[in-house]
Amino acid sequence: MKGYKMPEGFLWGGATAANQCEGAWQEGGRGLANVDLIPYGKGRFPVMAGKMRMLECDSEHLYPSHEAIDMYHHYKEDIRLFAEMGFKCYRLSIAWTRIFPNGDEKEPNEAGLKFYDDLFDECHKYGIEPLVTLVHFDAPVGLIKKFGSWKNREMVNCFERYARTVLTRYKDKVKYWLTFNEINMLLHLPFMGAGILFEEGEDEDTVKYTAAHHELLASALAVKIAHEVNPKMKVGCMLAAGQFYPYSCRPEDMWASVCDDRKNYFFIDVQSRGEYPCYAKKELERKGIKIPLLAGDEKILKEGTVDFISFSYYSSRVSAHPDTPADRTTGNAIIIGIKNPHLKASDWGWLIDPQGLRITMNVLYDRYQKPLFIVENGLGTNDKVESDGSVIDDDRVAYMSAHILEMEKAVVEDGIPLMGYTMWGPIDIVSASTGEMKKRYGFIRVNKDDQGGGDLSRSKKKSFEWYKEVIASNGENL
Ligand code: BG6
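Residues numbered from 1 in each chain as written. Predicted model: local features only at pLDDT ≥ 70, side-chain atom pairs only at ≥ 80, totals over all residues. Heavy atoms only, no water.

Time to look at helix 10 (residues 204-229). Each α-helix turn comprises 3.6 residues. Residues three or four places apart therefore point the same way. Look at helix 10: 37 Å from first C-alpha to last across 26 residues, which is about the 38 Å you get at 1.5 Å a residue. Extensive coverage of helix 10 is indicated by the burial of 19 of its 26 residues. (Helix = DSSP H or I, 4+ residues; strand = E, 2+ residues; numbered from the N terminus. Expected span 1.5 Å × (residues − 1). Buried < 20%, exposed > 50% of the residue type's maximum accessible area, 1.4 Å probe, protein only.)

In structure tokens form, the structure reads like this:
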């Protein structure tokens, strides 16, 4: 397929998260994090949602993060393969508990810092720019036990120490940073997204928005620190994006879509504009939620606005007024949604809507007027391995080329400044929502199954050569 050339310096690449790829959960002095306690199979959703308490591992469950794909020991091989595809950028996250194992130590863990030093050096060896997420769903269990995680303001101080430590240490190695991955996930999966467990009698909405306020403060502080440490650093927010379409042109459906979009934009409205939007203030008032806003907080939010807007895009979504008859059976495993009769869905029920990416980009840019960065997009599929070991993943190529073309139209035809595109999971990693290995996104196959079997060997899928050509042609050959 013929695409458009992207501007010079466009950051093509891929993205991963520490807990989904590193493994080595107890090596190098790493401490326990919420993400290590989320089991595979039964119990996964109640734990992620903060409804089932699991603050220790037990022997009945399998915990996918413990080994993941063992990138901790394979990173040189993996980065070499990324380089072979021509990556300009690799998005990864730092595991907070490698740096502060319990979260509140006075001094950081040198072994953890050294691991990322080596990893960044490996990227630079091939001219790959790291893009680093400070928090990709992880919270130290030490802080969950001590403070109840982001419910408590103490968490902001601990995060600030962590952020200052890594921003300072890597000031000459990492230019691009993200504060919180899919910050809006806190509303849907509070334990996975923010280490939150609900106690008897607590008002869940109050807990969630209190935690959100603390994360927003933490995010703003990280932006400020980054700019002080190295004025060349660029820091972004990160949203699980995907435009809500009204189910019909009924005004009630349109209004439902506006309200659904706002639930997501709320976070990045604050991170990008530096203040709570009027609709959020009114909604909190209506719900009787008092945000713990202390003197000085508004100043922190105002001074810590992000440089760019990053987001993940997997699909668009649909909104309808509760009275509208609509099929409410689709969506991903996290958010049950309304079926869009015009779109097909993936094997995991995620709607496939390439044009929705262009729409989402336009809406985001109109709203914020800041450069965008697509930091996740891709297709999770059940790959078939042929008898000779190859994987002919034409469905992945079809999904991705269609999405990249719409992205390119947004840049070339609509004029949107876009910093880069790091697709999700260039190498197969553990699925965040299901804990499965069989839900694969990669151009590189990892020999591992859902039960933990497999020798972890890496091999190239058919899509590997395709993406290499996309990057080599700077987006022209899709
Ligand atoms: C995003 C997350 O929600 O989507 C990733 O930032 C996640 O961590 C990705 O892996 C894809 O979701 P899943 O559930 O298919 O792994």
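Moving on, we come to the side chain of Thr381. For Thr381, the position within the fold is in the loop between strand 13 (372-376) and helix 15 (394-412). Polar contacts involving the side chain of Thr381 include one to the side chain of Asp383, which spans 2.8 Å. (Polar contact = N/O pair within 3.5 Å; in protein donor to acceptor, adjacent residues only side chain to side chain.)

Around the ligand, a shell composed of 14 residues is seen, among which Gln20, Glu182, Ser433, Lys439 and Tyr441 lie nearest. Separating an oxygen atom of the ligand from a side-chain N or O atom of Gln20 is a distance of 2.7 Å. Take Asn181: an N or O atom from its side chain is 2.9 Å from an oxygen atom of the ligand. Considered on its own, the ligand offers 370 Å² of accessible surface; in the complex 96% of this is hidden by protein. Considered class by class, the residues forming the shell around the ligand number six nonpolar, five polar and three charged. (Near = heavy atom within 4 Å. Areas by Shrake-Rupley, 256 points an atom, 1.4 Å probe, with all protein chains shown as cover. Nonpolar A, V, L, I, M, F, W, Y, C, P; charged D, E, K, R; others polar.)

With that out of the way, let us pick up the state of the cysteines. Evaluation of the coordinates by the stated rule reveals zero disulfides. Here Cys89 stays unpaired: no disulfide links it, and the sulfur of Cys123, its closest cysteine neighbor, is 8.9 Å away. The class for Cys89 is buried, based on a relative accessible area of 0%. Unpaired in terms of disulfides, Cys259 finds its nearest cysteine sulfur in Cys278, a separation of 12 Å. (Disulfide = S-S within 2.5 Å.)

Right, let's get into the pairing of strand 1 (residues 11-15). Most of strand 1 is tucked away: five of the five residues are buried. One ladder, built from five bridges, connects strand 1 with strand 14 (residues 418-424); its direction is parallel. The residue bridging Ala15 from the neighbouring strand is Trp424, located in strand 14. In this structure, strand 1 lies alongside strand 2 (residues 89-93), joined through three bridges in parallel fashion. In the strand pairing of strand 2, Ala15 is matched with Arg91. (Pairing = 2+ DSSP bridges.)

Time to look at the packing of aromatic side chains. In total, this model carries 25 aromatic pairs according to the counting rule given. Where Phe82 meets Tyr90, the ring centres are 5.0 Å apart and the plane angle is 55°; that geometry is what we call tilted. Linked through ring pairs, Tyr72, Tyr75, Phe115, Tyr116, Phe120 and Tyr170 together constitute an aromatic cluster. Here Arg98 stacks its cationic end above the ring of Phe115, 5.5 Å away from the centre of that ring. (Phe/Tyr/Trp six-rings, centres within 6.5 Å; stacked < 30°, edge-to-face > 60°. Lys NZ or Arg CZ within 6 Å of the ring centre and 35° of its normal.)

This brings us to the nonpolar core. Counting 147 residues, the largest nonpolar core has Tyr116, Phe159, Trp177, Met361, Met407 and Tyr467 as the members making the most contacts within it. Residues in contact with Phe159, not counting those within four places in the same chain, are Trp96, Leu134, Val135, Trp150, Phe180, Ala218 and Ala222. Grouped together as the second largest cluster of nonpolar side chains are 10 residues, Leu178, Met238, Phe308 and Val375 included. (Core = buried A, V, L, I, M, F, W, Y, C linked by side-chain atoms within 4.5 Å. Contact = heavy atoms within 4.5 Å.)

In this section: the sheet that holds strand 13. Taking strand neighbours around the barrel as the criterion, the eight strands line up as 1-2-3-4-5-7-13-14 in a closed arrangement whose pairing is parallel. Averaged over all pairs of adjacent strands, the angle between strand axes in this sheet comes to 30°, irrespective of strand direction. As paired elements, strand 13 and strand 14 share two bridges and run parallel to each other. Within strand 14, the residue paired with Ile374 across the bridge is Tyr421. Sheet contacts for helix 16 (residues 462-472): strand 1 and strand 14; angle to strand 1, the most-contacted strand, approximately 150°. (Axes fitted to C-alpha atoms, helices over the stretch in contact; angles between N-to-C directions.)

With respect to the secondary-structure elements, Ser149 resides in the loop between helix 6 (141-147) and helix 7 (154-169). The exposure class of Ser149 is buried, given its relative accessible area of 0%. Setting aside residues no more than four positions away along its own chain, Ser149 makes contact with Ala139, Leu143, Ile144, Met155, Ala194 and Gly195.

A word on the pattern of salt bridges. Enumeration over the complete set of coordinates arrives at 46 salt bridges. Notably, a salt bridge pairs Glu122 with Lys125, separated by 3.1 Å at the nearest N-O pair. Here Lys125 and Glu122 lie together in helix 5 (residues 110-125), a separation of three residues that amounts to about one turn. Linking Arg367 and Asp269 is a salt bridge whose minimum nitrogen-to-oxygen distance equals 2.8 Å. (Salt bridge = Lys/Arg side-chain N within 4 Å of Asp/Glu carboxyl O.)

Viewed as axis vectors pointing N to C, helix 7 and helix 10 meet at an angle of 25°, and their least axial separation amounts to 9 Å. With respect to each other, helix 7 and helix 10 are oriented roughly parallel. Read as a crossing pair, helix 7 and helix 10 show a hand that is right-handed. Together, Val156, Phe159, Glu160, Ala163, Arg164, Leu167 and Thr168 of helix 7 and His214, Leu217, Ala218, Leu221, Ala222, Ile225, Ala226, Glu228 and Val229 of helix 10 make up the contact between the two elements. (Parallel < 35°, antiparallel > 145°, perpendicular 65-115°, else oblique. Left-handed = near helix turned anticlockwise from the far one by under 90°.)

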